[in-house]
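If you want the building blocks of each chain, they are given just below.
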Amino acid sequence: MIVTLNRKIRDRIPAPVPEMPKKCSPPRPGTGGRRGRKPNTAAVPASQLSDVAPARFSLPPQINAVVEAAGQGILRSLLETLEKAYATSPEGAVSRLLERDIPNWARHAGRAAMEAIMLHERGFLGSTLVCPECEEGFLRFQGDRPRGVRTMCGQIDIRRSYYVCNSCRKSVAPLDLQLGLDGTPDSPGDSGFLPGVQEVVALAGSRLSFPDATRLIAKVLPDPPSLRTLERITRALGSAVQGERNRERREAYQDPANSKFPACEATTTPEVAVVAVDGGMCRMRSAAEPYREFKMAVLGSLNPIPGRKKEEPPPFVLNKAYTATFEGPDEVFRFCGLEFARLGLDRASVVQVLADGAPWIWNRTRDLAQPGQRLVETLDFYHACDHIREAAHAFFGPDSKKGRAWQKARQAQLLAGRLGPFFTSLERLAQRADKLGRAPEAETIRDEKAYFHKHRRLLNYKRCLDDGLLIGSGMIEGGIRFIGKDRLHRTGMRWSEAGAEGILALRCLESSGRWERFCESREQARAARYQAFRWATARAA
């Protein structure tokens, strides 16, 4: 509706006053009458020309035209999405657009852009190529074959060039090799998922049970994998992590004369290296061996707090790295050595090892310290408290106030470094049990005393507190729980050794902060494999 003013009202409205133009400033002397800001005539060094005017990469003409046409359609679809949202419900348009409509449009737009690009990217390398498999026959071009590619935006349909060798009948699609869809053992390309999508799927499968991960991925990806596909992708990437770890182990330990450990990734030299080792149980599918123990180590660096009291917070462990395996004690300490070098812990002046009383741990700890490093071996204080409690329960009972007081007194003796009175108190308690005719209880107390005698050199809590080191191995207890048990030891789960080993490898890698680096190395390996293929087939018939 157009609203106009009648004549009387229009006559009463004052006429607008025209705006006077601003006066120009007088010309500067020596400029020949020119006005304005003085131009910057300073010459730009040739070394900075690339920064001032970077070279533009020009798209191939055919791709440029297709993308421009697709872009116009994408913008039209965005306008239609906006108009529909505001026409349907103006009040709720913003929330609908942000939560649902625009993300859906972005996925459709991404698929349209990908398909537009792939119209001219088919992996055609020529009509005849030398076969890299048999090196005798030739790969003959058989035309373009369709396939679906499953991306983060959903599935797109492409056509790629297809070759077959006239001698060994080997078939290959170079574009599949370039995109990582050629179906290598560590990347099941037959599922159609791009490697980046496989990495997201495997990360979810390592964190959650496979059914839970499938349901979660279905809420994130427009074209989610099935339960079996998710499990297969997770196991494949777990095997890839294991393969990389086994390669590092071979390079470091197979030939001691030419050993090559992982490069140090630390930017600073740690003052104290901390290593905690323990084991955790996992239910297996085998009826002959229903449970297996995996061995785990947690490593990190420590900034000590000298003179710390037991009641004060312990120093924080930095740059933690996790490693775990079912292969046994020797192998977990070898994997521990790899992480030791990667974190630069071999440059620390002090190496502290914390663990419980398991012999398989303390028989191997000396191999971690390098020449010139001081090795501090400490029995987990809270594990020692468990043995004190067993002695107290044997004599006083589980709910005795006197028993709790006796426990606190023995703990205080350990923390103060008074080992003589500590062992005397245990022996006196055993003698009291003998006098009362309680031989089994006396034997239990003497067993605990023998345990502490066996690990006497590890009861160095006073010195650890004075030097600002740790006295408890809580970081390995937490690692056993959230790396292993939270994923492997759930209700009803039974594992094969290979499946559980792959899950442990994935979870240790991600918890150590090396997941992105692993994905980058996979991308570089794919690029190198494709370049090797191009080089091998470059000699045309």
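I will try to describe carefully the structure that is included in this document. (Residues numbered from 1 in each chain as written. Predicted model: local features only at pLDDT ≥ 70, side-chain atom pairs only at ≥ 80, totals over all residues. Heavy atoms only, no water.)

## Digging into the pattern of salt bridges
- Per the stated rule, a full pass over the model turns up 34 salt bridges.
- Here Glu 501 and Arg 245 are joined by a salt bridge, their closest N and O atoms 2.9 Å apart. Of this pair, Glu 501 sits in helix α17 (residues 497-511) while Arg 245 sits in helix α8 (residues 227-253), and the two are 256 residues apart along the sequence.
- Of the residues examined, Glu 501 reaches a relative accessible area of 4% and is grouped as buried.
- Between Arg 463 and Asp 467 there is a salt bridge, with its nearest N and O atoms 3.5 Å apart. Note that Arg 463 and Asp 467 are positioned in helix α15 (residues 461-467) at a spacing of four residues, about one turn of the helix.
- The class of Asp 467 is partly exposed, set by a relative accessible area of 27%.
- When salt bridges with common partners are traced through the structure, they connect Glu 248, Glu 339, Arg 342 and Arg 514 into a single cluster. (Salt bridge = Lys/Arg side-chain N within 4 Å of Asp/Glu carboxyl O. Helix = DSSP H or I, 4+ residues; strand = E, 2+ residues; numbered from the N terminus. Buried < 20%, exposed > 50% of the residue type's maximum accessible area, 1.4 Å probe, protein only.)

## Some details on the nonpolar core
- Counting 99 residues, the largest nonpolar core has Val 275, Cys 282, Leu 299, Leu 414, Phe 452 and Tyr 461 as its most contacted members.
- Considering each element in turn, this core owes the most residues, eight residues, to helix α11 (residues 381-396).
- If we skip the residues at most four places from it in the chain, Tyr 461 touches Thr 378, Leu 379, Asp 380, Phe 381, Ala 384, Leu 414, Leu 415 and Ile 471.
- Counting residues in each nonpolar core, the second largest holds nine residues, with Leu 129, Cys 131, Leu 139 and Phe 533 among its members. (Core = buried A, V, L, I, M, F, W, Y, C linked by side-chain atoms within 4.5 Å. Contact = heavy atoms within 4.5 Å.)

## Quick word on the packing of helix α13 (residues 419-435) against helix α14 (residues 439-454)
- For the pair α13 and α14, the least separation of the axes is 8 Å and the interaxial angle reads 165°. The orientation of α13 relative to α14 falls into the category roughly antiparallel. Here the hand of the crossing between α13 and α14 comes out left-handed. In contact with Phe 422, Phe 423, Leu 426, Glu 427, Leu 429, Ala 430, Gln 431, Ala 433 and Asp 434 of α13, α14 contributes Glu 441, Ala 442, Ile 445, Arg 446, Lys 449, Phe 452 and His 453.
- Its residues assigned to classes, the contact of α13 with α14 comprises nine nonpolar, two polar and five charged. (Axes fitted to C-alpha atoms, helices over the stretch in contact; angles between N-to-C directions. Parallel < 35°, antiparallel > 145°, perpendicular 65-115°, else oblique. Left-handed = near helix turned anticlockwise from the far one by under 90°. Nonpolar A, V, L, I, M, F, W, Y, C, P; charged D, E, K, R; others polar.)

## Quick notes on the side chain of Arg 111
- Residue placement: Arg 111 occurs in helix α4 (residues 93-118).
- No salt bridge is formed by the buried Arg 111. Its closest oppositely charged neighbour is Glu 115, at 6.2 Å.
- Ignoring anything within four residues of it in the chain, the contact list for Arg 111 reads Cys 153, Gly 154, Gln 155 and Ile 156. (Lys, Arg positive; Asp, Glu negative; His and termini not counted.)

## Remarks on the sheet that holds strand β7 (residues 317-325)
- Strand order in the open sheet formed by five strands is β7-β6-β5-β8-β9, with mixed pairing between adjacent strands. Looking at strand neighbours, the two that pair on one side only are β7 and β9 (374-379), the edges of this open sheet. In this sheet, adjacent strand axes meet at a mean angle of 20° when their direction is disregarded.
- As paired elements, strand β5 (residues 272-283) and strand β6 (residues 291-302) share twelve bridges and run antiparallel to each other. The residue bridging Ala 273 from the neighbouring strand is Ser 301, located in β6.
- On the sheet, α17 packs against β5, β6 and β7 and is oriented at approximately 170° with respect to β7. (Pairing = 2+ DSSP bridges.)

## Observations regarding a nonpolar patch on the surface
- Residues Tyr 86, Val 94 and Leu 98 make up a contiguous nonpolar surface patch of roughly 320 Å² in combined accessible area.
- Residue placement: Leu 98 occurs in helix α4. (Patch = residues over 30% accessible without salt bridge, like charges linked within 9 Å, V, L, I, M, F, W, Y side chains within 5 Å. Areas by Shrake-Rupley, 256 points an atom, 1.4 Å probe, with all protein chains shown as cover.)

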